[in-house]
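Chain and residue survey
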Amino acid sequence: MTEASITVTDARVSFGRVQVLKGVSLLVPAGTCFGIIGESGSGKTTLIRAILGLQRLQSGQILLSGKPLQPGRTGARLRAMTVQAILQDSTASLSPRRRIGQLLDEVSEVLAEPKDATRARAAALFDRLGIPAAVTDKYAHQISGGQARRVCVARALLMRPRVLIADEPTAGLDVSVQGDLLNLLQEIRVEHNLTLVVVSHNLAVIRQIADQAAVMCRGEVAEVGDAAQVFDAPQSDYARSLLAAWPRLHKPANL
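Now for a look at the structure at hand. From a predicted model like this one, the values you see are computed outputs, not experimental measurements.

Brief notes about the sheet that holds strand 10 (residues 220–226)
Strand order in the open sheet made by the six strands is 6-7-8-3-9-10, with mixed pairing throughout. Among the strands making up the open sheet, the edge pair consists of strand 6 (83–86) and strand 10. Neighbour to neighbour, the strand axes of the sheet diverge by 15° on average, direction disregarded. Two elements, strand 3 (residues 33–37) and strand 8 (residues 195–200), share five bridges in a ladder whose sense is parallel. When the sheet's bridge partners are listed, Cys33 is paired in strand 8 with Leu196. Helix 10 (residues 237–244) contacts strand 9 (212–217) and strand 10 of the sheet and is inclined by roughly 100° relative to strand 9.

What about helix 10?
Taken residue by residue, helix 10 has Tyr238, Ala239, Leu242 and Leu243 as its buried positions. Axial view of helix 10: buried residues confined to an arc of 125°, hence all on one face. In this structure, helix 10 carries Asp237 and Ala244 as exposed residues pointing more than 90 degrees from its buried face. Among the structural elements, helix 8 (203–209), strand 9, strand 10 and helix 9 (227–232) are those in contact with the buried residues of helix 10.

Looking at the layout of surface pockets
By volume, the largest pocket is sized at about 610 Å³. Breaking the lining of the largest pocket down by element, the ones donating at least two residues are helix 2 (72–80), strand 6, helix 4 (100–111) and helix 6 (145–158). Class assignment of the residues belonging to the lining of the largest pocket gives a composition of 14 nonpolar, two polar and three charged. Computed from the structure, the second largest pocket encloses a volume of approximately 360 Å³. If you go around the second largest pocket, you meet 15 residues; those closest to its centre are Gly53, Arg56, Leu69, Gln70 and Pro71.

Regarding unusual backbone geometry
For Ser65, which is not a glycine, the phi torsion comes out positive at approximately 50°. Among the structural elements, Ser65 can be located in the loop between strand 4 (59–64) and strand 5 (67–68). Accessibility expressed as a relative area gives 18% for Ser65, which makes it buried. One non-glycine residue, Glu168, lies in the positive phi region at around 45°. By the element assignment, Glu168 lies in the loop between strand 7 (163–167) and helix 7 (175–192). Residue class for Glu168 comes out buried when judged on its relative accessible area of 8%.

A word on the sheet that holds strand 5
A sheet is described by the order of its strands in space; here four strands give the open sequence 2-1-4-5, paired in antiparallel fashion. Looking at the sheet topology across the chains shown, the edges are occupied by strand 2 (18–29) and strand 5. By the bridge criterion, nine bridges tie strand 1 (residues 4–15) to strand 2 in an arrangement that is antiparallel. Residue Thr7 lies in a different strand from strand 2, and its bridge partner there is Leu27.

Looking at the packing of helix 4 against helix 6
With their axes 10 Å apart at the nearest point, helix 4 and helix 6 run at an angle of 15° to one another. Here helix 4 lies roughly parallel to helix 6, going by the angle between them. Every pair of crossing elements has a handedness; the one defined by helix 4 and helix 6 is right-handed. Here helix 4 contributes Ile100, Leu103, Leu104, Val107 and Leu111 to the contact with helix 6, which in turn contributes Val151, Arg155 and Leu158. Here the residues of the contact of helix 4 with helix 6 are counted per class, giving seven nonpolar, no polar and one charged.

Thresholds, definitions, all that
Residues numbered from 1 in each chain as written. Predicted model: local features only at pLDDT ≥ 70, side-chain atom pairs only at ≥ 80, totals over all residues. Heavy atoms only, no water. Pairing = 2+ DSSP bridges. Helix = DSSP H or I, 4+ residues; strand = E, 2+ residues; numbered from the N terminus. Axes fitted to C-alpha atoms, helices over the stretch in contact; angles between N-to-C directions. Contact = heavy atoms within 4.5 Å. Buried < 20%, exposed > 50% of the residue type's maximum accessible area, 1.4 Å probe, protein only. Arc of directions from axis to C-beta. 1 Å grid on protein atoms, 1.4 Å probe; cavity = no way out; pocket = protein on both sides within 12 Å on 5 of 7 lines; lining within 4 Å. Points joined across faces, edges and corners; volume = space filled by probe spheres on them. Nonpolar A, V, L, I, M, F, W, Y, C, P; charged D, E, K, R; others polar. Parallel < 35°, antiparallel > 145°, perpendicular 65-115°, else oblique. Left-handed = near helix turned anticlockwise from the far one by under 90°.

Written out as structure tokens, the structure reads:
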């Protein structure tokens, strides 16, 4: 039986009278690329925040590699070494008051690793990700959006996580850069034996990259299964309507 990197069981979250997660259950197999799709307001971001320990559940449970999330600073540290995220606005997720190199040095403090060792690993990751070494001396606002996204990938990988979550990883990027980043994430997943969770409303992104996919609608999982099955033969009414609205290119009949 395949080990699960993430197990979500009957997760429920409400903001006032509004139910944002209505009993969500998911199993993300270890070592796979798992896609989560849905319209804005479907609960994707709240679910991810709960997995990261940033949003408390009213009820239900989340397990990372079979272990429940632990409270407090010790739990946060263990969680940070298990799961890392690349957020949608990469530039905003990097402190504007510290240089990129200083932000990477913070990893050595969390891991209790010598700073020189962290810097050596960071240099290797920069080379792998195609980030110029000079970026370490710059602030977040001094680099491009694509570079900021790759810096966030590097910072996440420095933590040696088992799970990498990418929230709208291609948002705001040029089409050519989008393809390069998706290919890079897949290569990194294989090289580092990671579980990759990609969250997006862009169906083309999930179709290209995911092994399995879940479709969320109004705080519930409308459908989950192999990505090819979900996209080519959806079973739920919502998934069918969502995919039917997805613009595609069709070859003219006379060609």
